[in-house]
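Each chain is listed here by its residues.
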Amino acid sequence: MAIRNLEANQYAPIVLSELEKEGLPAYFLYLPLQESNYDSKAVGPETRFGIAKGAWQFLASTGQDYGLAPGPLANTRDYDEQDARFDFNQATRAGAKYLKHIYGTQAQASGLLVMASYNYGHNKVRSMVENMPDNPRDKNFWKFIQQYEIPAETYDYVFYIVSAAVIGEDPKHFGFDFKPPLLAAMPAPG
C-alpha cells in the first residue's frame, strides 16, 4: 500500500528533492513509508504529547518548529485541511529540515540513530547519546542499543525502515512487483 501511495501520488521526486536540498541520504525516502504508508491524511493515536498527523506524522509542536501551522482541529483525531501537516509538499520540506536538525545533534550523522531519534524523540536520544563515550566509533546505533533499553517500537521502527530500504533496492528478489522507488524517481537518461 505504501509503495502504491508513493507511486500514485508521485511523492518520491518530491521527497528526494527535499532530502537532496538538505544534504541527506536518499534512503530517508523510506521514513514516511514507515510513519504513515505515505498516507498524507494519516492521523496517529492520541499520546501525552499530542496527535501526530500527515505523511510525516508530525506532532503539532514539532511541526510548528519547522513551519507547519496546525489547524483548528490539531488536538482532535480528525483530518483538517487547514492543518499544514496534511500538505505533503510542506510536510516533506519540514520533514527534511527536521532530519537535518537531528543529524546536527549528538546523533553524530548516524542514519540509524537519526531514525531512532525521529521515532523516540530527538531530545531524549540526544541526552542518552551525550552519556556515551566521546569516540565516534562508540557513538552509533549498535552501541546505543547495547547501552540503553529502548522501546520495542523504536527498535522495530529502525529495522522496518532498513528492511524497506533493502527490499526497495531489489523488490523482485523479495517477491514484490514494483519498481525500486529510488530508481523509479530518477529522471530518464537522455
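Please read all numbers here as calculations on a predicted model, not as lab measurements.

Trainee: I'd love a proper account of the overall build of the protein, names of residues and values included.
Mentor: What the protein contains, in helices and strands, is 10 helices and two strands. Listing every helix and strand of the protein by position from the N terminus yields α-α-α-β-β-α-α-α-α-α-α-α. In summary, the protein has a C-alpha radius of gyration of 17 Å against a globular reference of 16 Å for 190 residues, a match within 12%. With respect to the three principal axes, the spread of C-alpha positions in the protein is 45 × 45 × 30 Å. The buried share of the protein, reckoned over its 190 residues, is 46%. A separation of at least 24 residues holds for 51% of the contacts in the protein among residues at least 6 apart in sequence. As presented, the protein carries roughly 10300 Å² of accessible surface, and 49% of it is formed by carbon and sulfur atoms. If the 17 positive side-chain charges of the protein are averaged to one point and the 22 negative ones to another, these points end up 3 Å apart.

Trainee: Please set out helix H5 (residues 88-103) residue by residue, giving values where relevant.
Mentor: Taking 1.5 Å of rise per residue, 16 residues should cover 22 Å, and H5 covers 22 Å from first to last C-alpha, within 8% of that figure. Buried within H5 are the following residues: Phe88, Ala91, Thr92, Ala94, Gly95, Ala96, Tyr98, Leu99, Ile102 and Tyr103. Packing partners of the buried residues in H5 comprise helix H2 (11-21), helix H3 (31-36), helix H4 (60-65), helix H6 (111-120) and helix H7 (122-130). One side-chain oxygen at the N-terminal end of H5 lies 3.1 Å from the backbone nitrogen of Asn89; it belongs to Asp87.

Trainee: If you had to explain helix H9 (residues 152-169) to someone new, which residues and values would you point to?
Mentor: Helix length check: H9 (18 residues) gives 26 Å between terminal C-alpha atoms against 26 Å at 1.5 Å per residue, within 8%. Looking at H9, one finds that the buried residues are Thr154, Tyr157, Val158, Ile161, Ala164, Ala165 and Gly168. For H9, the buried positions fall inside an angular range of 125° around the axis, keeping them on one side.

Trainee: Break down the pairing of strand S1 (residues 43-47) for me, citing the residues and quoting the values.
Mentor: Along any regular strand, the residues point their side chains to alternate faces of the sheet. Pairing analysis gives three bridges linking S1 to strand S2 (residues 50-53), with the strands arranged antiparallel. Note that in S2 the partner of Glu46 across the bridge is Ile51.

Trainee: Describe the side chain of Ser110, listing the residues and the values that go with them.
Mentor: Tracing the sequence through the fold places Ser110 in the loop between H5 and H6. Given a relative accessible area of 14%, Ser110 falls into the buried group. Those residues within four positions of Ser110 in sequence are excluded, and the remaining contacts are Tyr103 and Phe141.

Trainee: Mind laying out the nonpolar core, listing which residues take part and the relevant values?
Mentor: Among the nonpolar cores identified, the biggest contains 49 residues, and Phe28, Leu29, Leu31, Trp56, Leu99, Tyr118 and Phe144 are the most heavily contacted of them. Listed by contribution, the elements that provide at least two residues to this core are helix H1 (2-8), H2, H3, H5, H6, H7, helix H8 (141-147) and H9. Ignoring sequence-local partners within four residues, the contact set of Trp56 consists of Val15, Leu31, Pro32, Glu35, Phe88, Ala91, Thr92, Gly95, Leu99 and Tyr118.

Trainee: Please provide a residue-by-residue account of a nonpolar patch on the surface, values included.
Mentor: Taken together, the side chains of Val166, Phe174 and Phe176 present a nonpolar region at the surface, about 270 Å² in accessible area. By the secondary structure assignment, Phe174 is in the loop between H9 and helix H10 (181-184). A relative accessible area of 40% means that Phe174 is categorised as partly exposed.

Trainee: For the side chain of Lys53, give the residues involved together with the corresponding values.
Mentor: Tracing the chain through its elements places Lys53 in strand S2. Although Lys53 is buried, it forms no salt bridge, and the closest oppositely charged side chain is Asp83 at an N-O distance of 4.6 Å. One polar contact links the side chain of Lys53 to the main-chain carbonyl oxygen of Thr76, over a distance of 2.9 Å. Beyond its immediate chain neighbours, meaning those up to four positions away, Lys53 contacts Ala42, Val43, Phe58, Leu73, Ala74, Thr76, Asp78, Asp83, Arg85 and Phe86.

Basis of the calculations
- Residues numbered from 1 in each chain as written.
- Predicted model: local features only at pLDDT ≥ 70, side-chain atom pairs only at ≥ 80, totals over all residues.
- Heavy atoms only, no water.
- Helix = DSSP H or I, 4+ residues; strand = E, 2+ residues; numbered from the N terminus.
- Rg over C-alpha atoms; globule rule 2.2 N^0.38 Å.
- Buried < 20%, exposed > 50% of the residue type's maximum accessible area, 1.4 Å probe, protein only.
- Contact = heavy atoms within 4.5 Å.
- Areas by Shrake-Rupley, 256 points an atom, 1.4 Å probe, with all protein chains shown as cover.
- Lys, Arg positive; Asp, Glu negative; His and termini not counted.
- Charge placed at Lys NZ, Arg CZ, Asp CG, Glu CD.
- Expected span 1.5 Å × (residues − 1).
- Polar contact = N/O pair within 3.5 Å; in protein donor to acceptor, adjacent residues only side chain to side chain.
- Arc of directions from axis to C-beta.
- Pairing = 2+ DSSP bridges.
- Core = buried A, V, L, I, M, F, W, Y, C linked by side-chain atoms within 4.5 Å.
- Patch = residues over 30% accessible without salt bridge, like charges linked within 9 Å, V, L, I, M, F, W, Y side chains within 5 Å.
- Salt bridge = Lys/Arg side-chain N within 4 Å of Asp/Glu carboxyl O.

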